[in-house]
Amino acid sequence: MGQVISTPSAEVEEVSRRRECEESEAAKKQALKTTIAMAKEEEASSVVSDLIDFLNASPTAFHAVDEAKKLLRSVGYEQVSEREDWNLEAGKKYFFTRNHSTIVAFAIGKKYVAGNGFYIIGAHTDSPCLKLKPVSKVTKSGYLEVGVQTYGGGLWHTWFDRDLTLAGRVIVQEEKDGVVSYSHQLVRIEEPIMRIPTLAIHLDRSTDGFKVNNQTHLVPVLATSIKAELNKVVAENGPVESDTQTDGKKSNVKATSENGKHHPLLLQLLASELGCKPDDICDFELQACDTQPSTVAGAAKEFIFSGRLDNLCMSFCSLKALVDATSSESSLEDEAGVRVVALFDHEEVGSNSAQGAGSPVMSTALSRITNSFTSDSKLLEKALQKSFLVSADMAHALHPNYSEKHEDNHQPKLHGGLVIKNNANQRYATNSVTSFLFREIASKHKLPTQDFVVRNDMACGSTIGPILASGVGIRTVDVGAPQLSMHSIREMCAVDDVRHSYQHFKAYFQELSHLDSKVTVDF
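Residues numbered from 1 in each chain as written. Predicted model: local features only at pLDDT ≥ 70, side-chain atom pairs only at ≥ 80, totals over all residues. Heavy atoms only, no water.

The name recorded for the protein in an unreviewed UniProt entry is Peptidase M, from Trema orientale. One UniProt comment on the protein, placed under Cofactor (unreviewed entry), says "Zn(2+)". (UniProt positions renumbered as here; feature names shortened; annotations may be inferred.)

See below:
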């Protein structure tokens, strides 16, 4: 007879136990993946919400820098002054401002030594707008109007029939114990106070379409002359004059209302918002702003409708990425370089100012950081060759009604991820090495990217990328999130691309130094 062999129950139980353990372990891993995915989705959604808040709080470059300062301070960044000595430490985080319209933030790795590289994202805080003239008082045909000058290359026809207000900065005179001082204060009048009305079609039968004369047509209406007179808004305050001068002694000079530079009604509105007297307003830099708030919109809630997406969207995404890439105690433990975000003013007009990308602000910052850790000036030269710059400025998405304006093989689309910009004539600073490094980070994180080249029969715009690449000598890639209606008073981009931009920038800060060490070019 054959022998019957039976499996002991203990062995069966062991096999069953192992299966249960394996299944439990697999379930735990899947749960962890799900948790991580949900956390990333929640984080991405928060970025969009935070961007909307940032846009609504930033009608001007001054306000954008102020919001950036608040964010940086809330997570432990320390402000330093360009007018003072810097005492920097590895593992610490800092920022400084210039003109309160440019801001540079940097986090120094704990393993940083002088001569190591800087990993930078550069963007800009300014957008095309209408800025008040030094003498803004215009009275015409029974109306009080406000004289403005065009800033940048705006689509000025989009400013007509919009509910406008004013925002910017004001120099305010203050007196305490007989001593006079002057403060820089930000101001924003919330309610709509101005409008640029279009001419009715019945009064313009020309076949040439709507053509704007920027000098005569682009003048906001503040009030009617008779209503301003009847209200007597400022008359009760008496004549506007000053009793101070710059040495703190008494004088009789006043800048803003001397010779009637500005409407008294306008000064009263500003004074009311600032909590001061019209007499205390010494000077200002103000611009017209749309009062319609930024919002997530579209039938599928897939778009952002807002002013100033170019370039506050990239400014915020880069700043948020830096903050989140340096927020934990361990985030700088293994970093041997310096992570930097630089948001410049005046990009829309060429960057040639004391606070623009064409100024020494970037090279000076990198020099001062390096020299805080060494007395050897030659180490900065080494550091620059180890450094990398992402020039982040919004890109042109394919327009469904003007698709012929894009080159056939380079048609960036909304939801398609950051656009890598190329131009053989160096209007963009991208080359094959810099584009590879930036694209490789995206590939690792399964983030989409796109390519843009302008048509050969069209002029190509530019960015701060070539300015900094040539002026400082840093390898650069030009990128931007795709958008429509660039330079309109109301622009639009995709919610997904805000998330893609933030995630890509954050990964760049965390991983570029390691990836860059694997690439050899000059040897």
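A. How the structure looks around the nonpolar core. Ranked by size, the top nonpolar core spans 56 residues in total, and within it I304, M314, V390, V498, F505 and Y508 carry the most contacts. A per-element tally of this core places helix 5 (residues 309-325) first, with eleven residues. Apart from the residues lying within four places of it in its own chain, the contact partners of V390 are I120, I121, G122, F438, V477, V479, F505 and Y508. Counting 34 residues, the second-largest nonpolar core is a separate cluster that includes L144, W156, L166 and L267. (Core = buried A, V, L, I, M, F, W, Y, C linked by side-chain atoms within 4.5 Å. Buried < 20%, exposed > 50% of the residue type's maximum accessible area, 1.4 Å probe, protein only. Helix = DSSP H or I, 4+ residues; strand = E, 2+ residues; numbered from the N terminus. Contact = heavy atoms within 4.5 Å.)

B. Examining helix 5 more closely. The end-to-end C-alpha separation of helix 5 is 23 Å, in line with the 24 Å expected for 17 residues at 1.5 Å each. For helix 5, the tally of buried residues reaches 17 of 17 residues, placing the bulk of the element in the interior. (Expected span 1.5 Å × (residues − 1).)

C. Structural view of the pattern of salt bridges. Enumeration according to the criterion identifies 18 salt bridges in this entry. R339 is the partner of E335 in a salt bridge, and the nearest nitrogen-oxygen pair spans 2.8 Å. Grouping residues by exposure puts E335 and R339 together as buried. Where D496 meets R499, a salt bridge forms, and the shortest distance between an N and an O atom there is 3.3 Å. Of this pair, D496 and R499 are both found in helix 10 (residues 495-516), three residues apart, which corresponds to roughly one turn of the helix. Judged by relative accessible area, D496 falls into the partly exposed class, the value being 27%. (Salt bridge = Lys/Arg side-chain N within 4 Å of Asp/Glu carboxyl O.)

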